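Residue-level listing of the chains:
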Amino acid sequence: FEGQRGVIDFTYSWGKDSLHNNMSIKDNLLLDSIPTSLIRDKENNLKEFFSTIENPHLIKLVDSLGSLNEIVSNLTDDHLKLTSLIKAMMSKSEFVFLVEPCKFSSTELIQTIKESIKFEVQNYHRKFLIRSSKMDVWSDISTHLITKDKNFQYVKSVNHHQATIPVEDHIEINLDKKIAS
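Being a predicted model, the structure only gives us computed values, none of them experimental.

Reading guide: rules and limits
Residue numbers here run from 1 along each chain, matching the order of that chain's written sequence. Local features in this predicted model are restricted to residues of pLDDT 70 or higher, and side-chain atom pairs are both shown and tallied only at a pLDDT of 80 or more, whereas totals for entire chains, interfaces and linings draw on every residue. Only hydrogens and water are set aside; all other atoms, that is, all heavy atoms of the structure, feed into the side-chain values. Secondary structure elements follow DSSP: runs of H or I of four or more residues count as helices, runs of E of two or more count as strands, with numbering from the N terminus. Partly exposed residues are those whose accessible area sits between 20% and 50% of the maximum for their type, while under 20% is buried and over 50% is exposed, using a 1.4 Å probe and protein chains only. For the purposes of these results, a polar contact is taken to be a pair of N or O atoms within 3.5 Å, where, inside protein, one atom must be able to donate a hydrogen and its partner to accept one; residues adjacent in sequence count only when each atom of the pair is a side-chain atom. Any two rings among Phe, Tyr and Trp, with Trp reduced to its six-membered ring, count as a pair given centres within 6.5 Å; such a pair is stacked if its planes are under 30 degrees apart, edge-to-face if over 60, and tilted if neither. Placement of a positive charge over a ring is assigned whenever Lys NZ or Arg CZ falls within 6 Å of the ring centre and within 35 degrees of the normal to the ring plane. What counts as an axis is a line fitted to C-alpha atoms, over the stretch in contact for a helix, and the angles between N-to-C directions run from 0 to 180 degrees. Here is the rule for angles: anything less than 35 degrees is roughly parallel, anything more than 145 is roughly antiparallel, 65 through 115 is roughly perpendicular, and the remaining ranges are oblique. Two residues qualify as a contact provided that any one of their heavy atoms is within 4.5 Å of a heavy atom in the partner residue. Amino acid classes used here: Ala, Val, Leu, Ile, Met, Phe, Trp, Tyr, Cys and Pro are nonpolar; Asp, Glu, Lys and Arg are charged; the rest, including Gly, are polar. Here, strands pair whenever DSSP counts at least two bridges between them. What goes into a patch is any residue over 30% in relative accessible area without a salt bridge, connected to like charges within 9 Å or, for nonpolar side chains (Val, Leu, Ile, Met, Phe, Trp, Tyr), within 5 Å. Each accessible area is a Shrake-Rupley estimate made with a 1.4 Å probe; only the visible protein chains count as cover when residues are assessed. By salt bridge we mean one thing: a side-chain nitrogen of Lys or Arg within 4 Å of a carboxyl oxygen of Asp or Glu.

Q: Could you clarify how one ought to interpret the side chain of glutamate 120 in this entry?
A: Relative to the helices and strands, glutamate 120 resides in helix H5 (residues 107-124). Judged by its relative accessible area of 2%, glutamate 120 falls in the buried class. Separated by 2.9 Å, the side chains of glutamate 120 and arginine 126 make a polar contact.

Q: What am I meant to see in the side chain of serine 132 here?
A: Note on placement: serine 132 falls in the loop between strand S3 (127-131) and helix H6 (135-138). Within the structure, serine 132 has its side chain in polar contact with the side chain of tryptophan 138 (distance 3.4 Å).

Q: What is the right way to look at the packing of aromatic side chains in this model?
A: Ring pairs (aromatic) are described by centroid distance and by the angle formed between their planes. Applying the stated criterion to the full structure yields two aromatic pairs. Relative to phenylalanine 97, the ring of phenylalanine 10 lies with its centre 5.7 Å away and its plane at 80°, an arrangement referred to as edge-to-face. You can see phenylalanine 10 sitting in strand S1 (residues 10-13) and its partner phenylalanine 97 sitting in strand S2 (residues 95-99), a full 87 residues away along the chain. Take phenylalanine 10: its relative accessible area is 45%, and that puts it in the partly exposed class. Classification of phenylalanine 97 as partly exposed rests on a relative accessible area of 32%. Geometry around tyrosine 124 places lysine 92 over its ring, the cationic atom sitting 5.4 Å from the centre. If you follow lysine 127 out to its NZ or CZ, it ends over the ring of phenylalanine 95, 5.5 Å from the centre.

Q: Would you mind going over the packing of helix H4 (residues 77-90) against H5 with me for this structure?
A: Any two packed helices are characterised by the angle at which their axes cross and by the distance between the axes. One way to put it is that H4 packs onto H5 with a least axis distance of 12 Å and a crossing angle of 10°. Relative to H5, H4 is oriented roughly parallel. On H5, the residues that touch Leu82, Leu85 and Met89 of H4 are Leu109, Ile113, Ser116, Ile117 and Glu120. Of the residues assigned to the contact of H4 with H5, the class counts are six nonpolar, one polar and one charged.

Q: Quick question: what am I supposed to make of the pairing of strand S4 (residues 144-148) here?
A: On a regular strand, each side chain points to the face opposite its neighbour's, so the side chains alternate between the two faces of the sheet. Bridge analysis of S4 against strand S5 (residues 154-158) gives five bridges, and the strand direction is antiparallel. Residue pairing in the sheet places isoleucine 146 in a bridge with lysine 156 of S5. With antiparallel pairing between neighbouring strands as the criterion, S4 and S5 make up a hairpin whose turn holds five residues, including phenylalanine 152 at a positive phi of roughly 65°.

Q: When you look at the environment of asparagine 45 in this model, what are you seeing that I'm missing?
A: Mapping asparagine 45 onto the fold places it in helix H2 (residues 42-52). Judged by its relative accessible area of 3%, asparagine 45 falls in the buried class. Residues asparagine 45 and leucine 30, spaced 15 residues apart in sequence, show a C-alpha to C-alpha distance of 8.2 Å.

Q: How should a nonpolar patch on the surface be read in this particular structure?
A: Taken together, the side chains of Ile8, Phe10, Tyr12, Trp14 and Phe97 make up a nonpolar region of the molecular surface, amounting to roughly 510 Å² of accessible area. On the secondary structure map, tryptophan 14 appears in the loop between S1 and helix H1 (25-32).

Q: How do you make sense of the pattern of salt bridges when you look at a structure like this?
A: Should the charged atoms of two oppositely charged side chains come close, the side chains can pair. This model, assessed by the stated rule, comprises four salt bridges. In this structure, the salt-bridge partner of glutamate 115 is lysine 118, at a minimum N-O distance of 3.3 Å. Highlighted residues: glutamate 115 and lysine 118, both in helix H5, separated by three residues, approximately one helical turn. By relative accessible area, which is 23% here, glutamate 115 ends up partly exposed. For lysine 118, a relative accessible area of 10% translates into the label buried. For arginine 126, the salt bridge identified is with glutamate 120, shortest N-O distance 2.9 Å.

Below you can see the structure in the form of structure tokens.
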């Protein structure tokens, strides 16, 4: 963000509300993640788009989806959450809002998600805002943590310095900080 007024380019991942329920995973990805100027032939377009993804962790996440022909309304909660998260990360939006990205995920999957976020931050200067009930999961890749203390006051921690401030309950991953691999 450069402090200029204009349209904020963002995407978000929550679950069902960020997916089209009666469409397949493939059609959801085609509809919202792949630039419309590239859509000519669904199957070839998707393969071509996947071949341009440079984030190896995102590719691993896509591979873990299994069949892309599954209809979203038939997905389990875990699969639904993962599909929504991948769809958000595949977009090229500057800001990515993730709500409870590890709610249903395994430890290995959470680590792959974190590695994918770090890759996007380091290579594409994207900004991730994460709302999570498991704040400690994200502390190793976050530069700003905003939490509630025992008195329900919001506390912002930046590089381990705390201050009470009136802000929303979320985690921000700042792209200006280089994250160690």
